[in-house]
Amino acid sequence: MSEASLTDAEARERDLIAEIDSLSNQLCQAVDGQFEFHVHTDSDEIALQKMAQLNNFVLDSVRRTIRDLKASRDELESRVQERTQRLNLVLTATNDGVWEWDIDSGQLTLSQRWSDMLGLPHDGGRRGLDDWLALIHEDDRADVQRSLYQHLDGLTASVAVEYRIRDARGAWRMVLCRGLCQRNERGVAIRMAGTQTDTTEQRLGDPMTLLPNGAYLELLLQECLVRSPLPPLALVKFQLLNVASLFDGIAVDDAVGALRRLVQRMRQQLPPRVALIALPEHTFAMVFETGEVARLDEALEPLEALLSQPVEIDGQQVWLSHVSGVAVLDPAEPVSVDEWRHQSRLALANARLSDVGSRRYYSESLRQWERQNSRAEQLIRGALATNGVRCFVQPIVDSSTGEVRGFEALMRLYDPTEGIVAPANFIEVAERSGLIAPLWEMLMEQALPLLRDDIVRERFGGDFLLSVNLSTRQLMDPGLLDDMIAASRRHGVPHTRLQIEVTETSVLSDPIKAFRSLDRIREAGISVALDDFGSGYSSLAQLTSMPMDTVKIDRELVMNVTSLPRKRHVLSAVVALCQRLDYGIVVEGVEERETLEILHDWGATDIQGYIYSRPLPLDRLVQDFRPPKPYLAGLSPVSRARGTSLPAP
């Protein structure tokens, strides 16, 4: 080959190497992540031009891929951001804080909201699991640990536990914790994460009054009892007695609004640091740091003064009735929370049996009263279970003719240990507990056959009335009349031979409802008698307004009437007034001939008392009682061996 040819070949090779080097240098940009360029060559070599073109095709593909990836990334980031915003919105709306527990390190990461919920400094939100558990109420701590580790061990599908946790102010918050584990491909837990929801308002608040509720009171009492040294404390319970009836007929929203305004005014009458706590049945609780009665009186007087004033409800002025019970805690003799609350309940229950506005303090005598009530209730339940209700009857006699006008059915209970138990030992408890109704039904099942007994009818005639007592609870029962008529039909006796006896106290508990019930009973042909008139406080106004047929004058007005002129004047005036109002009159508790003579002179001839007969067991009535002869003035009483009937002249 000629020298010239070698020189041309070498030159061409050098140019080719230079172009390849140029292409390589251009492609180095891609190594640095730069793809926005084009590969070019000045060579006429077809192979180099083809290589440059192929590289440009690859670069175009890479650029498109990068653009697609960037668009996908932007879309993904947008979705993540949107979902994050949604999650934050949900967590904000639900007041949820977020927590994450790294299993290996044992560290918790807490969100800003988790810390804010408790008023704690955020500090980056990292702390140990024990730091979290230390904030939880000691009675709830074991449940929280158990819930976490049961889920960690795979025994439960998730964490869901509610507990009390202390906030930065030292107060307790109620929270609900939920969580789930993240596990690797081998099922090993890597981390656990979840939310904490503040449920304080739902769990510790009363939705009706917007006051703290009974669960809050429990926490408050527990906090009080762990203080050292223990100060003198008093738990006061305050009950509004007539709220339900005042709101009768008022729209629900109006009633709730009125009640909330009322309790807010009540709260303002208390010292700022004394919480007003809402309990069931319109009862409120307060804890005072004093055991002195004088200081308690001073603290409660503004509240009682408020309730002595009328409250406007739905445009009407109404008055509220209240009672209160107080349990003073002696620092030298601390008690449990349950016992403290029980003492306050006893004091309040005793106050309800007294006058409106009464305040009762717990004492050991109340404990004895509770035991007696408990014994009475057990006695009643035992009698109901063993048919231990016994019917006794006492005749009502027309002294002028000797005719039996009626029999009052009286309830007694039989106890295997105590024998026959008098009503004074169980009637009050039966009425308060609601057990009076089944007792009364058992009594009626025994008493009603008296009206169709052939021997009784032959001895005493077929026109006498059977008189039965009604409690307040029974009088307010809308089904009472239907029950009486049904029982009479079942025994084949006319219900018109029944007479019910009600006390003034039972009527005054709800006069409108009671009068409506008495009107229906009288319209059905059943007589109504006002019982125990003259015992304690009796209103003469009831004699002019109450739907009734007969007034039964209590033995309190009759006792010692022969030796006390003033008492005789009162009894005479009551008898005369009832006669002018055209009421039937039955005088109870007559035991002496002299009393009978006085009453006979006044024209009060229907007598119920020991002078004729004590209450007799139903199965002894015919054997032990015979109708007396008509009363004749001037006869001296003689022995009444058979029963207590007066002798023949």
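Right above here is the structure, for reference.
Source: prediction; values computed, not measured.

Chemist: It is not clear to me how the environment of Val586 should be interpreted in this structure. Could you clarify?
Modeler: Within the element layout of this structure, Val586 appears in strand 21 (residues 584–588). As a C-alpha pair, Val586 and Glu364 span 222 residues in sequence and 42 Å in three-dimensional space. If we skip the residues at most four places from it in the chain, Val586 touches Ile396, Thr550, Val551, Lys552, Ile553, Asp606 and Gln608.

Chemist: Sorry if this is basic, but what is going on with the nonpolar core here?
Modeler: One broad trend across soluble globular proteins is that nonpolar side chains are buried collectively. Counting residues in hydrophobic clusters, the biggest one holds 80 residues, and the most contacted among them are Leu413, Ile500, Val502, Met546, Ile553 and Val587. For this core, the leading source of residues is helix 14 (residues 436–447), giving six residues. In contact with Ile500, not counting residues within four places along its chain, are Val468, Leu470, Met484, Leu518, Ile521, Ile526, Ser527, Val528 and Ala529.

Chemist: Is there a simple way to think about the packing of aromatic side chains in this case?
Modeler: Each pair of aromatic rings is reported with the distance of its centres and the angle of its planes. In total, this model carries six aromatic pairs according to the counting rule given. Arranged with centres 6.4 Å apart and planes meeting at 80°, the rings of Trp114 and Trp132 form a pair that is edge-to-face. Residue Trp114 is located in helix 3 (residues 112–118), and its partner Trp132 is located in helix 4 (residues 129–135); the two are separated by 18 residues in the primary sequence. Assessed through its relative accessible area of 0%, Trp114 is described here as buried. Given a relative accessible area of 1%, Trp132 falls into the buried group. Members of the aromatic cluster, connected to one another through ring pairs, are Phe407, Phe460, Phe464 and Phe625. The positively charged end of Arg412 is found above the aromatic ring belonging to Phe392, 5.4 Å away from the centroid.

Chemist: Is there a simple way to think about the packing of helix 22 (residues 565–580) against helix 23 (residues 593–602) in this case?
Modeler: The axes of two packed helices give the description: the angle between them and the distance between them. Taken N-terminus to C-terminus, the directions of helix 22 and helix 23 make an angle of 35°; their axes are 11 Å apart at the nearest point. Relative to helix 23, the crossing made by helix 22 is right-handed. When helix 22 is examined against helix 23, the residues Arg568, Leu571, Ser572, Val575 and Gln579 are found in contact with a partner set consisting of Ile598, Leu599 and Trp602.

Chemist: Quick question: what am I supposed to make of helix 14 here?
Modeler: Residues spaced three or four apart along an α-helix point in a common direction, a consequence of the helix completing one turn every 3.6 residues. With 12 residues, helix 14 should cover 16 Å at 1.5 Å per step; its first-to-last C-alpha distance of 16 Å lies within 8% of that length. For helix 14, the complete set of buried residues consists of Ile436, Leu439, Trp440, Leu443, Met444 and Ala447. One face of helix 14 carries all of its buried residues, which in axial projection span an arc of 135°.

Chemist: Honestly, the pattern of salt bridges in this entry has me stumped. Any pointers?
Modeler: Oppositely charged side chains can form a pair if their charged atoms are brought close together. Considering all chains together, one arrives at 27 salt bridges under this definition. The residue Glu370 makes a salt bridge to Arg367 at a minimum N-O spacing of 3.5 Å. Taken together, the residues span about one helical turn, with Glu370 and Arg367 both in helix 12 (residues 364–385) at a distance of three residues. Taking the shortest distance from any N to any O, the salt bridge between Arg522 and Asp549 comes out at 2.9 Å. Taken together, the residues Arg522 in helix 19 (residues 511–523) and Asp549 in the loop between helix 20 (541–545) and strand 20 (550–553) connect sequence positions 27 residues apart. With a relative accessible area of 33%, Arg522 lands in the partly exposed category. The exposure class assigned to Asp549 is partly exposed, which follows from its relative accessible area of 26%. Residues joined by salt bridges that share partners form a network here, namely Glu408, Glu501, Lys552 and Glu588.

Cut-offs applied
- Residues numbered from 1 in each chain as written.
- Predicted model: local features only at pLDDT ≥ 70, side-chain atom pairs only at ≥ 80, totals over all residues.
- Heavy atoms only, no water.
- Helix = DSSP H or I, 4+ residues; strand = E, 2+ residues; numbered from the N terminus.
- Contact = heavy atoms within 4.5 Å.
- Core = buried A, V, L, I, M, F, W, Y, C linked by side-chain atoms within 4.5 Å.
- Buried < 20%, exposed > 50% of the residue type's maximum accessible area, 1.4 Å probe, protein only.
- Phe/Tyr/Trp six-rings, centres within 6.5 Å; stacked < 30°, edge-to-face > 60°.
- Lys NZ or Arg CZ within 6 Å of the ring centre and 35° of its normal.
- Axes fitted to C-alpha atoms, helices over the stretch in contact; angles between N-to-C directions.
- Left-handed = near helix turned anticlockwise from the far one by under 90°.
- Expected span 1.5 Å × (residues − 1).
- Arc of directions from axis to C-beta.
- Salt bridge = Lys/Arg side-chain N within 4 Å of Asp/Glu carboxyl O.

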